[in-house]
Amino acid sequence: MNTTEEKEYPFYIKAAAVLLGLVLIIYILFVLSDILVPLAFSVLIAILLNPLYVRLERVVPKFWAILISLLAALALFVGLFYFLSTQINTFVSSIPLLKTKMNAILLHAGSWTKTHFGLNLQKQITAITGEIGKGGMLRNTVSTILGLVGVLVLLPVYIFMILYYKPLILDFLFQVFSEKHSLQVAEILSETKGAVQSYMQGLMIETVIVSVMNSVVLLIIGVPSAIVIGLIGGLLNLLPYIGGIIAIALPVLMVTIVKEGFSTQLIVIIAYTVIQFIDNHIVVPLFVSKKVQINALMSVVVVLLGGALWGVSGMFLSIPLIGVLKIIFDRVDGLKPWGKLLGDEVPTEHIGLVWQKRWDRIFKKMKEKKELEEKLEEKTDKTTGTPTA
């Protein structure tokens, strides 16, 4: 008797164990979100800064190479923030006009819905106003700002430590696996680093291009604060499929507030649709890495799950993280089917025919088995003298 034979557990036990493990992982990710979200952003930014850091390390000490890389990223962020602040001033100056127009639209909508549906929107507006007066919105705003400041403080610290201790982290990853898997681990790390760098750089280029196209179109149409709205649309475009739909809503709302009629809204929708077509069929294939390609179904599901778990940050982090998981799945034999499920390679007709032939063989064997059982049963009946129907 072979005592080393592994015990085969029933399917329902395996399924329950997997579901329990997933629940525990999701619960841990949710509870530790305040720590893991800035850490995840830091890892992505550190990977993005790694080529600059490696070049600088050849000519200056390690500490200064990391510090110069961080200062370069900080300068880029400050420049972008300054540009946005100058544009937002124009947007803020038009808030009184927007507020007056919005109140008129809400009053008109309230009277229309009350006349046709018997709904009194005035009570809802009063309730919102009362909540603002109680300071609920103020508390939420202050809490959000404090949380953002905390993340901005943690990010440079995390990035510095990740780059500084990179050899220690890599050595740990190699030692935690057996020596026979060293080559496989090296391939996964190398491919992951290259894919994330290429993917993040492509996303930055795509964001700039889409933001410029949005801003130019909105300036031509005559939408107020066109540059700010165009840049917001470019940032929202980082969220696959969902972000593009949300990005259209902001200029349409702005046009509805400041202009009469509905022709301008239609022009905005058509223009954004054309921009999305150019982005999906020209910009993305040229600049966004082909190494991290997730199919549309999984992209939408993963973005929604990331939003439910970590909010807006989770929506932005979901695609790079799931791309890293796909690279790992493609390299591990037992997980390759999951990598194919995440990828965008749809089986061709020939593969479909192979599966059809397999199903035909299965059904043929089942039919032959049934016929054999019927013959054996008939033979048994004749042997025992039992009349057959």
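Residues numbered from 1 in each chain as written. Predicted model: local features only at pLDDT ≥ 70, side-chain atom pairs only at ≥ 80, totals over all residues. Heavy atoms only, no water.

**Quick look at the overall build of the chain**
For the chain, the helix and strand inventory stands at 14 helices and zero strands. Each helix and strand of the chain, placed in order from N terminus to C terminus, yields the pattern α-α-α-α-α-α-α-α-α-α-α-α-α-α. Per-residue burial over the chain gives 26% buried out of 389 residues. In the chain, once contacts between residues fewer than 6 apart in sequence are set aside, the share between residues at least 24 apart is 66%. Total accessible area computed for the chain in this model is approximately 26,700 Å², and 71% of it derives from carbon and sulfur atoms. (Helix = DSSP H or I, 4+ residues; strand = E, 2+ residues; numbered from the N terminus. Buried < 20%, exposed > 50% of the residue type's maximum accessible area, 1.4 Å probe, protein only. Contact = heavy atoms within 4.5 Å. Areas by Shrake-Rupley, 256 points an atom, 1.4 Å probe, with all protein chains shown as cover.)

**Looking at a negative patch on the surface**
A cluster of acidic side chains, namely E368, E371, E373, E374 and E377, defines a negative patch on the protein surface. Inspection of the secondary structure assignment puts E373 in helix 14 (residues 349-384). (Patch = residues over 30% accessible without salt bridge, like charges linked within 9 Å, V, L, I, M, F, W, Y side chains within 5 Å. Salt bridge = Lys/Arg side-chain N within 4 Å of Asp/Glu carboxyl O. Lys, Arg positive; Asp, Glu negative; His and termini not counted. Charge placed at Lys NZ, Arg CZ, Asp CG, Glu CD.)

**Here's the deal with the environment of G233**
As for its placement among the helices and strands, G233 is situated in helix 9 (residues 226-236). In this structure the C-alpha to C-alpha distance between G233 and S215, which are 18 residues apart in sequence, comes to 9.0 Å.

**Considering the nonpolar core**
L44, V196, Y199, M200, V303, M315 and L317 are the most contacted members of the largest nonpolar core, which totals 16 residues. Elements with a minimum of two residues in this core: helix 2 (33-57), helix 8 (182-221) and helix 12 (296-331). With six residues, the single largest contributor to this core is helix 12. (Core = buried A, V, L, I, M, F, W, Y, C linked by side-chain atoms within 4.5 Å.)

**Section: the packing of helix 8 against helix 12**
Where helix 8 contacts helix 12, the two axes come as close as 10 Å, and the packing angle between them is 150°. The orientation of helix 8 with respect to helix 12, classified from their angle, is roughly antiparallel. Read as a crossing pair, helix 8 and helix 12 show a hand that is right-handed. Contacts between helix 8 and helix 12 involve Q184, E187, I188, E191, T192, A195, V196, Y199 and M200 from the first element and I319, P320, V324, I327, I328 and R331 from the second. Among the residues making up the contact of helix 8 with helix 12, the classes are represented as 10 nonpolar, two polar and three charged. (Axes fitted to C-alpha atoms, helices over the stretch in contact; angles between N-to-C directions. Parallel < 35°, antiparallel > 145°, perpendicular 65-115°, else oblique. Left-handed = near helix turned anticlockwise from the far one by under 90°. Nonpolar A, V, L, I, M, F, W, Y, C, P; charged D, E, K, R; others polar.)

**Observations concerning the packing of helix 8 against helix 11 (residues 263-287)**
Helix-helix packing is characterised by the crossing angle of the two axes and by the distance between the axes. In the contact formed by helix 8 and helix 11, the axes pass within 10 Å of each other and the chain directions differ by 155°. Our classification of the angle between helix 8 and helix 11 gives roughly antiparallel. Crossing geometry of helix 8 relative to helix 11 is assigned as right-handed. Counted together, S198, G202, I205, E206, I209, V210, M213, N214, V217, L218 and I221 of helix 8 and T264, I267, V268, A271, Y272, I275, I278, D279, V283, V284 and F287 of helix 11 form the full contact between these two elements.

**Quick word on the confidence of the model for the chain**
Chain-level statistics for the chain give a pLDDT mean of 75 and a share of 71% at 70 or above. Averaged pLDDT values over the elements of the chain bottom out at 50 in helix 5 (residues 121-134) and peak at 86 in helix 2. Here residues 1-5 is modelled with pLDDT under 50, and outside its nearest four sequence neighbours on either side it reaches zero contacts, counting other chains as well. A low-confidence stretch, residues 131-138 stays under pLDDT 50, and its non-local contacts, those more than four residues away or across chains, total four contacts. (pLDDT = per-residue confidence, 0-100.)

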